[in-house]
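# Descriptive analysis of the structure
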Amino acid sequence: MACVIAAPSSSSGKTLLSLNLIAWAQQKGLSIQPFKVGPDYLDPQVLGATAGRPCRNLDLPLCGPDWVKTSFHGYGGRCDLALVEGVMGLFDGIGSTGEGSSAAVAKHLKLPVVLVVDAGGQARSLAALVSGFRDLDPDLQLAGVVLNRVSTERHRLLLEDVLSAIDVPCLGCLPRDSSLELPSRHLGLAPAHELDQLNVRLGKWAAIADQHLEMGVFERLMAAPAKGTEPIQTVLGTALEQDTQRQPLPVAVAQDNAFHFRYPEMQDCLEALGMPVIPWHPLEDEPLPQAAYGLVIPGGFPELHAEQLSHCKQSLSGLRDWLQHKPLYAECGGMLMLGTSLMDGEGQTHAMAGVLPFHAQRGRLQVGYRRLTATRNSLLLKAGDQWMGHEFHRWQLSEEPVGKWQTLWQVDGWHVDRREEGWALPTVHASWVHLHWASSSTISCRWRAALETVATQIEKNS
């Protein structure tokens, strides 16, 4: 019934092992559904590209236990195999707690854990490390260990003896090989579209699994869960039943190398409620699709493309015109395109759309789950609404909302002072905070209602 690929810490080899297993399944003609614990965007892009289907996030704090179970069985039950890549260290959750950790997800879904250990420079000390992870939580099932960066045959034999002495199965040893390293960025792995020669990598990863992993055991561990209900139908529920003859209201969604941080469930929810997605490529200086009734600009790395964006006059001027008549939803990096200027990674400043009165520049890291309390009615919010979101960025804004602009909500989290955040107008929702659209039907239903208002106005004026 699937397994969780976990580790003592980040950068131990979780993603590499997951990719080896997914590539092996693809080579054998077996469908496999990848999942990722937590609010990550980058690892899921690579896992999804390798599996040939969207990777789904299993995020207990952001989406709640019901959605995690619904998603796991609903998507995982469609395939031959499934695996869950963990986040950070096995027991690492919010702050110093285990809330939302890989261990918490494994226990919630009753899944065994495979521990990936960076074995470089270790011998008998491996026993202390693995014993500690095995014994800390007796409710957690450790299926075995995979050793990463094993340098020689002698090293492999030594480590296998160490694991045998503490009665923990060794499920494979990945060799030390610089060609297997995945490129990284300041927020994690490089995006999937930046991986060169993906097909060549797939062949290498599958061969490594065949040669170095106990694939007979892994095939049993990755057996797909029992099939569950259709996840999006489950979360939208009565909203889907109210009107089965909806007028199609297309939505433009920015999607290119600058804007690609989005959960696949956002598009799933849009399309289920009759809002087909029209891709918009601002980096190509495309005009905004006039057939669209709403615009979504997700997060990404606009700071790495700031100079190119500043020359996309058609894209930038289109945003200024758009807000006069139609709604806009922007998250994190998507919000940065709306400001007066944006600093790039080299410290150079470039003009942006000038829709919002701020300058964006490099600042200190802001990362973590955020409790959100709406302070007033806005495009998607009603005063007093309480939601969960996630914040992850290294840029900061020079100004807070002033004048006609109002803040969206009060934000707080672990060791974070409560503050007002976000930008709101009747047609604008812009914030540092990422939302998961499947965590609440409210998001997509209120977005649909905003688009219906636009459609009604257009009809009156025609």
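Anything mentioned here points back to the structure above.
In this report, the structure presented in the accompanying data block is examined. Bear in mind the structure is a predicted one, so any value in this text is a computation, not a measurement.

Further remarks concern the packing of helix H3 (residues 60-76) against helix H4 (residues 102-109). Running from N to C, H3 and H4 cross one another at 35 degrees; their axes reach a closest spacing of 11 Å. Here H3 and H4 pass one another in a crossing that is right-handed. Taking contact as the criterion, the partners of Leu60, Pro65, Val68, Lys69 and Phe72 in H3 are, on H4, Ala104, Val105, His108 and Leu109. Its residues placed into classes, the contact of H3 with H4 shows seven nonpolar, one polar and one charged.

Time to look at the sheet that holds strand E22 (residues 423-425). Pairing between sheet strands relies on hydrogen bonds along the backbone, with the strands arranged either parallel or antiparallel. What the six strands build is an open sheet, ordered E12-E10-E13-E15-E23-E22; its pairing is mixed. The strands lining the two open edges of the sheet, one partner per strand, are strand E12 (277-280) and E22. Strand-to-strand, the axes of this sheet are offset by a mean angle of 15 degrees, without reference to chain direction. Sheet analysis places strand E13 (residues 294-297) next to strand E15 (residues 328-331), joined by three bridges and oriented parallel. Residue Ile297 lies in a different strand from E15, and its bridge partner there is Ala330. Contacting E12, E13 and E15, helix H13 (residues 313-322) runs over the sheet at an angle of about 130 degrees to E13.

Here we take up the nonpolar core. The biggest cluster of nonpolar side chains holds 83 residues, and the ones touching the most others in it are Leu147, Leu270, Trp409 and Trp447. Residue contributions to this core peak at seven residues, all from H3. Beyond its immediate chain neighbours, meaning those up to four positions away, Trp447 contacts Val251, Leu270, Met275, Gly294, Leu295, Val296, Pro327, Leu328, Tyr329, Leu379, Leu380 and Trp437. Of all hydrophobic cores here, the second largest spans 39 residues; its members include Trp280, Ala353, Leu397 and Trp405.

How two aromatic rings sit relative to each other is given by the distance of their centres and the angle of their planes. The full count for this structure, using the stated rule, is nine aromatic pairs. With a centroid separation of 5.3 Å and 50 degrees between ring planes, the pair formed by Phe35 and Phe72 is classed as tilted. Residue Phe35 is found in strand E2 (residues 32-37), and its partner Phe72 is found in helix H3; the two are separated by 37 residues along the sequence. Exposure class is identical for Phe35 and Phe72. Each is buried. Here Tyr329 and Trp437 contribute two aromatic rings whose centre-to-centre distance is 5.3 Å and whose plane-to-plane angle is 85 degrees, an arrangement assigned as edge-to-face. One end of the pair, Tyr329, is in strand E15; the other, Trp437, is in the loop between strand E23 (428-431) and helix H15 (441-461), and 108 residues separate them in sequence. Like Trp437, Tyr329 is buried. Feature note: the residues Tyr41, Phe261, Tyr263 and Phe301 constitute an aromatic cluster, connected by ring pairs. A cation sits over an aromatic face here: Arg56 above Tyr75, 3.8 Å from the ring centre.

Okay, the pattern of salt bridges next. Taken as a whole and judged by the stated rule, the model has 16 salt bridges. Its salt-bridge partner being Arg156, residue Glu160 comes within 2.7 Å of it at the nearest N-O pair. On the criterion of helical spacing, the pair formed by Glu160 and Arg156 is a turn pair, its members being four residues apart in helix H6 (residues 153-165). Relative accessible area serves as the criterion here: at 26%, Glu160 is assigned to the partly exposed category.

Attention shifts here to the side chain of Ser431. As for its position among the elements, Ser431 is in strand E23. Ser431 has contacts with Ala330, Glu331, Cys332, Met335, Leu408, Trp409, Glu421 and Gly422, leaving out every residue within four places of it along the chain.

When strand E20 (residues 409-413) meets strand E21 (residues 416-421), the two strands line up antiparallel, connected through four bridges. Within the sheet, the bridge partner assigned to Gly413 lies in E21 and is Val416. What sits between E20 and E21 in their antiparallel hairpin is a turn of two residues, with His415 showing a positive phi close to 55 degrees.

With respect to topology, seven strands assemble into an open sheet ordered E3-E2-E4-E1-E5-E6-E7, the strand pairing being parallel. At either margin of the open sheet sits one strand with a lone partner, and together these are strand E3 (56-58) and strand E7 (170-175). For this sheet, the mean inter-axis angle between neighbouring strands, taken without regard to orientation, is 25 degrees. As paired strands, E2 and E3 are joined by three bridges and run parallel to one another. Opposite Val37, over in E3, you have Leu58 as the bridge partner. Sheet strands in contact with helix H1 (residues 14-27) are strand E1 (4-6), E2, strand E4 (81-85), strand E5 (113-118), strand E6 (142-150) and E7, and its direction is about 170 degrees off that of E4. Along the sheet, helix H2 (residues 42-51) contacts E2, E3 and E4; its crossing angle with E2, the most-contacted strand, is approximately 175 degrees.

About the thresholds
- Residues numbered from 1 in each chain as written.
- Predicted model: local features only at pLDDT ≥ 70, side-chain atom pairs only at ≥ 80, totals over all residues.
- Heavy atoms only, no water.
- Axes fitted to C-alpha atoms, helices over the stretch in contact; angles between N-to-C directions.
- Helix = DSSP H or I, 4+ residues; strand = E, 2+ residues; numbered from the N terminus.
- Left-handed = near helix turned anticlockwise from the far one by under 90°.
- Contact = heavy atoms within 4.5 Å.
- Nonpolar A, V, L, I, M, F, W, Y, C, P; charged D, E, K, R; others polar.
- Pairing = 2+ DSSP bridges.
- Core = buried A, V, L, I, M, F, W, Y, C linked by side-chain atoms within 4.5 Å.
- Buried < 20%, exposed > 50% of the residue type's maximum accessible area, 1.4 Å probe, protein only.
- Phe/Tyr/Trp six-rings, centres within 6.5 Å; stacked < 30°, edge-to-face > 60°.
- Lys NZ or Arg CZ within 6 Å of the ring centre and 35° of its normal.
- Salt bridge = Lys/Arg side-chain N within 4 Å of Asp/Glu carboxyl O.

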